[in-house]
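Understanding the architecture of this molecule
The residues making up each chain are set out below.
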Amino acid sequence: MYKAFLRFSFFFCCIICSTAVVKAQLAMPDSKPKTGMGKSLSADDDKPKEYDIAGITVSGIHYLDEDLLIAVTGLSVGNKVRLPNDESIAKAIRNLWKQELFSDVSVSVTKIVGNKIFLDIKVEERPRLSKYNFRGIRKSEAQELREKTGLVKGRVVTEATQKETIVRIQKYFSEKGYGDVKVSVKEKIDTVSVNGVVLTFDIDKGNKTHINQVNIAGNTHATDLRLKRTLRSTKEMARISFHRADEISVYEPNESSFGRYLVNKDFLSPSKTLQALDPYFRFNIFSSSKFNPKKYEDDKQSLVAYYNSLGYRDASIAADTVYKVENGNINVDIKVKEGHKYYFGNIEWKGNTKYSNEYLTKVLGIKKGDVYNQELLEKRLGRQLSPEGGDVSSLYMDDGYLFFNIDPVESSIVGDTINYEMHITEGPQATIRNVSIVGNDRTNEHVIRRELYTLPGNKFSRTDLVRSQRQIANLGFFDGEKIGIQPKPNPEDGTVDIEYSLVEKSSDQLQLSAGFGGGVKFYGNIGITFTNFSLRNIFKPKFWDPLPVGDGQRLSVNYQSNGAYYNSLNFSFTEPWLGGRKPNALTTNLLYSRYSGVSYPLPADSSYLRVIGGGLSLSKRLKWPDDNFVFTYGINYQNYKLKDYALVTDANNNPFSNGTSHNLFFKLTLARYSIDQPLYPRSGSNINFTFQFTPPYSLFSGQNYLNESPAQKYKWIEYHRYRFTAEWYQKVSGNLIFKLATKYGFLGYYNSDIGSSPFERFQVGGDGLGGYNFFIGKDIIAHRGYKDVYASNAIMFNKYTAELRYPFSLNPSSTIYGLMFVEAANAWNSFKDYNPFELRRSAGLGVRIFLPMFGLLGLDYGVGFDRYNKQTGNTKLSNIASFTFMLGFEPD
């Protein structure tokens, strides 16, 4: 009863106060009107009287529309009001306050004529933002804040606006590791702008807040180190610096000073001391120790998820705290509650008619007695969709069961064993009815449709959806990160419509590169590649952008030169679907090159090698072993002319200086390509085996070539040549990708009297930019960390590469990713010298930038370990390391 009385009293007081405010804001005329103009009304008159509103005016506005403001009040001419305490006046004032545009609102009576009343709405507009500035931060940070704060010129400035902006600034710097940022704001009237103000935000970032220690308690079944690895963004600080080649300093998080550790001076054989520092190298050196509250919350969930994967389904964070320590950094204390370890028990299937219980259990891959793992269960059931498939949901959905659903239910828990019932709703099989494509502004629809595996009339298949997405991405015409696939079920007739939404990107490339070294010295390269060319629209100007586009054909022109001493021109054209019905690609190419064997000031035509050639090839997609295989066969011809050119030698190093050689060869290639997308692959492989051979002319002629001159031996070049290349991509975590690659090459001969051809050999080492060697038939194999070529005339080579890649930007207009690599390679001039374990090793870091008009640009810094030599004094890092530039293409 007492509480009810208090509520009534409070409500009554609010009514009185509200009435008083409205009454005070309803100002009446100061004097009586003249005779005939009506009677004045006192604000204190207790006798309410009804009036008709004859006019409404608005005063005090600078930016707002008068009619719109009157409409907001709800008042209009002709309305009746009872003064002095009419509710419509109070409501009008409240409506204006709700707009949060005014610092003061009042309604006054300007005059009264009989029962006609004239009102004036007087407002004081809040100031508007004319400018805003940030002080105390870098220009780049200020630019990012302009996008994140949401401040817009002309926006009404309120205290809430200022507080909200301060919060966003603090959040921005908090995510960058500044946990003690202080922000103040100053408001200044802008004398140039009407009712405008200038806001200046003074920002004191302070020092970055690093994590001094992460302390974990309560864990008995997982080590501290393993649990800390689950905290991907919450890392302890570890500072390591190299003072000399034999000394390393490591900052111990538990101590307040640096400790020094000696290592073996031969850094190629580090002492066991480094093993003690292994956790720092593996987990701390390449990660940030900044504290980010949002990421910290995610990390705690990751820690619990790790425990769940070990069978501790009830694991939780019992308590955690973050606190400052004396050095200004913070410590993080986490107490975990592990709970009991559980195991899978009996798994029963309910509702399945398509597949037997035994088969579903086999596909699930979880047996009674296995350690309980919720994440694994979700993955094997297919409740978390993955491109790889192989789960229960994929089994059904690849056979048309689009409406399939599975619900795992814990039927009972006996001790540490959890029994499950899998409730399945199979539903009917769905047939694809319509397939639509949107967003292809430049590419003709038939180019996309011929790549799809989801065809009208076929049964729905999730695998076909994933494959279609990959095929579209591999075209290179669309943003692979924004390919949308939207199945639209039609339960009434058991069909499904599928819509592909695409975002076009520029795929044409302007290749520019430059190099310095070798006999050519400085040279340049310019090339233009149109990857979505349309030959049939070449006489239709409306399809030109800047050349006719839309049919997915590829046109490439490349020119290299260093003036009169070196010129090379290459042209190629590819029709990917010859005839338009099957993915049979026709490629034709032409080339011309001329390289002088002398340099300035000698005449360029006094010594040279000239080559003219071309080729034709046809590629066919196979259905066996699977449709990722492509078989390519072709024929090529090259004509070499040598004039006093001594750079080409035969198998016995005798010069082949003058004469003409013909190279007519056949090329067979078997390749399997299953990479998910070409720009930044996350999964799949690219495997390629090439067999290139000429007819064995010498075996047909019956001639003895042992004592013949090189010009006679190589009039018709003969050889058989093999290349094998394989690349695999595997996701490690998130967008962190592991790449493994291997390359092999071998050049054989038919006749021992002739030996290996002087052409079609391998050059290993350097940066791969020595493009001038391409036209004499050498494959150039780059080796990062070795700036000089160490094998220029080899008949066989091996190369192995491993990389860790992480993207900084996946925007198709500027894709950027960093990488760490290790490489090993070597080449041999004869088969008897071949030793697969005799490899030159290197390691380093690099970055790749893809710009649509320039292709792939890259910079690598590699250390060639086998260049280290105490005897020659080649022990400094600057002598054994080198930068490698990559412009326009990825070196072999």
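What follows deals with the overall build of the protein. Across its full length, the protein carries 17 helices and 39 strands. Counting across all 892 residues of the protein, residues that qualify as buried make up 44%. Contacts in the protein between residues far apart in sequence, at least 24 positions, make up 60% of those at least 6 positions apart. As displayed, the protein has an accessible area near 46300 Å², and 55% of this comes from carbon and sulfur atoms.

We now examine the packing of aromatic side chains. Think of a pair of aromatic rings as described by two things: how far the centres are apart, and how the planes are tilted against each other in angle. In the structure shown here, the tally under the stated rule is 33 aromatic pairs. Ring geometry for Tyr640 and Phe759: centres 4.3 Å apart, planes at 10°, overall stacked. Taken together, the residues Tyr640 in strand β27 (residues 629–643) and Phe759 in the loop between β31 (736–748) and β32 (762–765) connect sequence positions 119 residues apart. Residue Tyr640 shares its accessibility class with Phe759, and that shared class is buried. Ring centres of Phe746 and Phe831 lie 6.2 Å apart, and the angle between their planes is 75°; this geometry places the pair in the edge-to-face category. Taken together, the positions of Phe746 in strand β31 and Phe831 in the loop between β36 (815–828) and β37 (840–851) put the pair 85 residues apart, joining distant regions of the chain. Judged by its relative accessible area of 26%, Phe746 falls in the partly exposed class.

This part covers the side chain of Thr161. Here Thr161 lies in helix α5 (residues 159–175). Classification of Thr161 as buried rests on a relative accessible area of 7%. Engagement of the side chain of Thr161 in a polar contact is seen with the side chain of Thr158, the distance being 2.9 Å. Aside from chain neighbours lying at most four places away, what touches Thr161 is Leu151, Arg155 and Val156.

The pairing of strands in a sheet happens through backbone hydrogen bonds and is either parallel or antiparallel. Spatially, β15-β17-β16 is the arrangement adopted by the three strands of the open sheet, whose pairing is mixed. Each edge of the sheet is formed by a strand with only one pairing partner; in this case those strands are β15 (343–350) and β16 (405–414). Strand-to-strand twist across the sheet, computed as the mean angle between neighbouring axes with direction ignored, equals 25°. The pairing of β16 with strand β17 (residues 417–425) spans nine bridges and is antiparallel. Within β17, the residue paired with Val414 across the bridge is Thr417. Relative to the sheet, helix α10 (residues 357–364) contacts β15 and β17, its axis offset from that of β15 by approximately 135°. Packed onto the sheet, helix α11 (residues 374–381) meets β15, β16 and β17 and runs at close to 25° relative to β17.

Sheet architecture is open: three strands sit in the order β18-β20-β19, paired in mixed fashion. For this open sheet the edge positions go to β18 (431–438) and β19 (484–490), each flanked by a neighbour on one side alone. If you compare each strand with its neighbour and ignore which way they point, the axes differ by 20° on average. In this sheet, strand β20 (residues 495–501) lies alongside β18 in parallel orientation, the contact comprising six bridges. Note on β20: the bridge partner recorded for Ile437 is Tyr500. Lying over the sheet, helix α14 (residues 462–475) contacts β19 and β20, oriented at roughly 20° with respect to β20.

The set of residues buried in α11 consists of Leu377, Glu378 and Leu381. Considered in projection along α11, the buried side chains sweep an arc of 95° and stay on one side of the axis. The secondary structure elements touched by the buried residues of α11 are β15, α10, α12 (392–397), β16 and β17. The opening residue of α11, the one whose side-chain oxygen lies 3.1 Å from the backbone nitrogen of Glu375, is Asn373. Backbone geometry just downstream of α11 places Gly382 in the positive-phi region, at approximately 85°.

What follows deals with the pairing of strand β13 (residues 316–324). The pairing of β13 with strand β14 (residues 330–337) spans eight bridges and is classified as antiparallel. Among the inter-strand pairings, Lys324 is bridged to a residue of β14, identified as Ile330. Connecting β13 to the antiparallel partner β14 that follows it, the hairpin turn spans five residues, and Gly328 within it adopts a positive phi of roughly 90°.

The next point concerns the packing of helix α2 (residues 66–73) against helix α3 (residues 87–98). Across the interface, α2 lies against α3 with an axial gap of 7 Å and an inter-helix angle of 120°. Judged by the inter-axis angle, α2 sits oblique to α3. Contact residues: Leu69, Val72 and Thr73 in α2; Ala92, Asn95 and Leu96 in α3. Grouping the constituent residues of the contact of α2 with α3 by class yields four nonpolar, two polar and no charged.

Take α3 next. For α3, with twelve residues, the first-to-last C-alpha span of 16 Å sits near the 16 Å given by 1.5 Å per residue. Residues of α3 that are buried: Ile89, Ala90, Ala92, Ile93, Asn95 and Leu96.

Moving on to the pattern of salt bridges. Overall, the coordinates contain 38 salt bridges when judged by the stated rule. With its nearest N and O atoms 2.9 Å apart, the salt bridge here joins Arg168 to Glu164. In this pair, Arg168 and Glu164 both sit in helix α5, four residues apart, roughly one turn of the helix. When its relative accessible area of 34% is taken as the criterion, Arg168 is described as partly exposed. A relative accessible area of 35% means that Glu164 is categorised as partly exposed. The salt bridge partner of Asp399 is Lys459, with a shortest N-O separation of 2.7 Å. In this pair, Asp399 is assigned in the loop between α12 and β16 and Lys459 in the loop between α13 (445–449) and α14, connecting sequence segments 60 residues apart. Here Asp399 falls in the buried class, since its relative accessible area comes to 15%. Via salt bridges that share partners, Arg784, Lys799, Glu803, Arg805, Glu823, Arg848 and Asp860 belong to a single interconnected network.

With their axes 10 Å apart at the nearest point, helix α4 (residues 139–149) and α5 run at an angle of 130° to one another. Between α4 and α5, the crossing angle belongs to the class labelled oblique. When you trace α4 past α5, the crossing you get is right-handed. Residues Glu141, Glu144, Leu145, Lys148 and Thr149 of α4 form the contact with α5, whose participating residues are Thr165, Arg168, Ile169, Tyr172 and Phe173. Each residue belonging to the contact of α4 with α5 can be placed in one class, and the counts come to four nonpolar, two polar and four charged.

Conventions and cut-offs
- Note on numbering: residues in each chain are counted from 1, in written sequence order.
- Only residues with pLDDT of at least 70 are given local features in this predicted model, and only at 80 or more are side-chain atom pairs given and counted; all residues enter the totals for whole chains, interfaces and linings.
- With hydrogens and water set aside, each side-chain value is computed from the structure's full complement of heavy atoms.
- Think of it this way: any DSSP run of H or I at least four residues long counts as a helix, any run of E at least two long counts as a strand, and we number them from the N terminus.
- Burial classes: relative accessible area under 20% of the type maximum marks a residue as buried, over 50% as exposed, and values in between as partly exposed (1.4 Å probe, protein chains only).
- In what follows, a contact means two residues having at least one pair of non-hydrogen atoms within 4.5 Å.
- Surface exposure here means Shrake-Rupley accessible area, sampled with a 1.4 Å probe, where a residue is shielded only by the protein chains that are shown.
- Each Phe, Tyr or Trp ring (for Trp, its six-membered ring) is paired with any other whose centre lies within 6.5 Å, and the angle between the two planes then decides the class: stacked below 30 degrees, edge-to-face above 60, tilted in between.
- Two N or O atoms count as a polar contact when they lie within 3.5 Å, although within protein this holds only if one can serve as hydrogen donor and the other as acceptor, and sequence-adjacent residues are included solely when both atoms are side-chain atoms.
- Any two strands between which DSSP finds at least two bridges are classified as paired.
- Lines fitted to C-alpha atoms define the axes here, with helix axes fitted over just the stretch in contact, and angles between the N-to-C directions of these axes take values from 0 to 180 degrees.
- This arc corresponds to the set of directions leading from the helix axis out to the C-beta atoms.
- What sets the label is the angle itself: under 35 degrees gives roughly parallel, over 145 gives roughly antiparallel, 65 to 115 gives roughly perpendicular, and the rest give oblique.
- Note on residue classes: Ala, Val, Leu, Ile, Met, Phe, Trp, Tyr, Cys and Pro are nonpolar, Asp, Glu, Lys and Arg are charged, and everything else, Gly too, is polar.
- Every helix has an expected span of 1.5 Å times one less than the residues it contains.
- Any Lys or Arg side-chain nitrogen found within 4 Å of a carboxyl oxygen on Asp or Glu counts as a salt bridge.
- Should the near helix be turned counterclockwise from the far one by less than a right angle, the crossing is left-handed, whereas a clockwise turn marks it as right-handed.

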